[in-house]
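Examining the three-dimensional arrangement
Letter by letter, the chains look like this.
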Amino acid sequence: HAALDKEGIQLCYRDRPVQKAGFRVKVRAQKSGLDWFEVHPQIGWDGRVLSREEWRVILENHGALEDGQNLWMLDESSLKTLEALKGLMDGSQADAKEDGQESLRVGRLSILDWVQLRRLGAEVELPPEDEKLVRRLLRFEKMESKAVPLRLRGQLRDYQKEGYDWLAFLYEHGLGGCLADDMGLGKTVQAIAFLGGLKEGKIRRPGSSAASPHLVVVPSTLVFNWKREFENFYPDLDVRGYGGTSRSADFHGAEGLLSTYDIVRREQKFFCSQGFHTV
């Protein structure tokens, strides 16, 4: 059909012309908590919405759709969009049903793959604030170099500066990450520099400038080390310890809270009730 169509020759099936069909693919994504999107894909054709099973059968038939006495062939653009959509849906977690249509749970960064459907002609609808974030990420070419906080004592090595820039990038794009240098290479000073960069405005805060304290969770054997590192590298940051029998839940005005894995585990309800800026 595709080859004949290019030559202007009509193909018939059961004495009826084979028709070319174009599907309308629409994807609506809604925020679901901090790190997830709830995605609702919808395939429309000839005034109706197709079920997932129906359009999967069309894909299995290489784009052919038999409707009564007529045979329809998907145009190339619709076929590519459906194939891409199938790949994304197969890799996502089914979550719920909305008006009979499937809802999928998609990770924050995975939404970029769904947005790429636009290049194939699909309509992808995002909340306005996430639309801005996605555009920034899709235009991303290299890590932005950030100014090191002025009141940081000491100088970051080149690879530590890269780690600092990486943390800033994650923060400004609302993402989480793992700084995984080898032991003894200065992850602590990179994290402290990052918190100093936030305090001095070297790293942009998304949304409101008002911020809750940061939470630093470490093994109990390293609490003293972290206190000392804060004093050595950035004493201007008001970081208070939360540990021992005399610990107080009143840390009003503190810029950071330092606690241990064991305490956080045992006092989950307390920590979940607090608003922390970064962890």
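Scroll up to find the structure.
What you see is a predicted model; the values in this text were computed from it and never measured.

How two helices pack is summed up by the angle between their axes together with the distance between the axes. Look at helix H2 (residues 52–60) against helix H3 (residues 76–90): their axes get within 11 Å of each other, and the N-to-C directions meet at 120 degrees. By the criterion of interaxial angle, the relationship of H2 to H3 is oblique. As H2 runs across H3, the sense of the crossing is left-handed. Between H2, through Arg52, Trp55, Arg56 and Leu59, and H3, the contact on the second element is made entirely by Leu79, Leu82, Glu83, Leu85, Lys86, Met89 and Asp90.

The next subject is the side chain of Gln190. Inspection of the secondary structure assignment puts Gln190 in helix H7 (residues 187–199). A distance of 2.9 Å separates polar atoms of two side chains, one belonging to Gln190 and the other to Asp181. Contacts of Gln190, omitting those with residues within four sequence positions, involve Tyr159, Gln160, Gly163, Tyr164, Leu167, Leu179, Asp181 and Leu185.

This brings us to the sheet that holds strand S13 (residues 239–241). Ordered by their spatial adjacency, three strands build an open sheet running S12-S14-S13, and the pairing between neighbours is parallel. Among the strands making up the open sheet, the edge pair consists of strand S12 (214–218) and S13. When the angles between neighbouring strand axes are averaged without regard to direction, this sheet yields 25 degrees.

Attention now moves to unusual backbone geometry. A positive phi is found at Arg14, a non-glycine position, where the angle reads about 55 degrees. Positive phi outside glycine occurs at Asp46, with the angle close to 55 degrees. Relative to the helices and strands, Asp46 resides in the loop between strand S5 (36–45) and strand S6 (48–50).

Inspection of the entire model under this criterion finds 23 salt bridges. A salt bridge links Arg118 to Glu131; the shortest N-O distance between them is 2.7 Å. On the criterion of sequence distance, the pair formed by Arg118 in the loop between helix H4 (111–115) and strand S11 (123–125) and Glu131 in helix H5 (residues 128–138) is long-range, its members being 13 residues apart. Taking the relative accessible area as the measure of exposure, Arg118 reaches 33% and is therefore partly exposed. Owing to a relative accessible area of 12%, Glu131 belongs among the buried residues under this scheme. Between Arg266 and Asp262 there is a salt bridge whose closest N-O contact spans 2.8 Å. Separated by four residues within a single helix, Arg266 and Asp262 lie in helix H9 (residues 261–266), roughly one turn from each other. Salt bridges here are not isolated pairs; linked through shared partners, they connect Arg52, Arg56, Lys86 and Asp90.

Counting 36 residues, the largest nonpolar core has Phe23, Val39, Ile111 and Trp114 as its most contacted members. Excluding residues that lie within four positions of it along the chain, Phe23 makes contacts with Ile43, Gly44, Trp45, Leu50, Ile58, Leu65, Leu74, Ser78 and Leu82. Membership of the second largest hydrophobic core comes to 21 residues, among which are Leu198, Ile203, Val218 and Trp226.

The subject of this paragraph is the sheet that holds strand S3 (residues 19–21). The sheet built from three strands is open, its strands ordered S3-S8-S7 with mixed pairing. This sheet does not close on itself; its edge strands, each paired only once, are S3 and strand S7 (64–67). Between one strand axis and the next, the sheet turns through 35 degrees on average, direction left out of account. For S3 and strand S8 (residues 70–74), the ladder comprises three bridges, and the chain directions are parallel. Counterpart to Lys20 in the pairing with S8 is Met73.

The geometry of helix H6 (residues 158–172) relative to H7 is characterised by a closest axis approach of 9 Å and an angle of 50 degrees between their N-to-C directions. Here H7 runs oblique to H6, going by the angle between their axes. Judged by the sense of rotation from one axis to the other, the crossing of H6 with H7 is right-handed. On H7, the residues that touch Tyr159, Gln160, Gly163, Tyr164, Leu167, Ala168 and Tyr171 of H6 are Val189, Gln190, Ala191, Ala193, Phe194, Gly197 and Leu198. Taken together, the residues of the contact of H6 with H7 break down into ten nonpolar, four polar and no charged.

Quick notes on the rules
Residues numbered from 1 in each chain as written. Predicted model: local features only at pLDDT ≥ 70, side-chain atom pairs only at ≥ 80, totals over all residues. Heavy atoms only, no water. Axes fitted to C-alpha atoms, helices over the stretch in contact; angles between N-to-C directions. Helix = DSSP H or I, 4+ residues; strand = E, 2+ residues; numbered from the N terminus. Parallel < 35°, antiparallel > 145°, perpendicular 65-115°, else oblique. Left-handed = near helix turned anticlockwise from the far one by under 90°. Contact = heavy atoms within 4.5 Å. Polar contact = N/O pair within 3.5 Å; in protein donor to acceptor, adjacent residues only side chain to side chain. Pairing = 2+ DSSP bridges. Salt bridge = Lys/Arg side-chain N within 4 Å of Asp/Glu carboxyl O. Buried < 20%, exposed > 50% of the residue type's maximum accessible area, 1.4 Å probe, protein only. Core = buried A, V, L, I, M, F, W, Y, C linked by side-chain atoms within 4.5 Å. Nonpolar A, V, L, I, M, F, W, Y, C, P; charged D, E, K, R; others polar.

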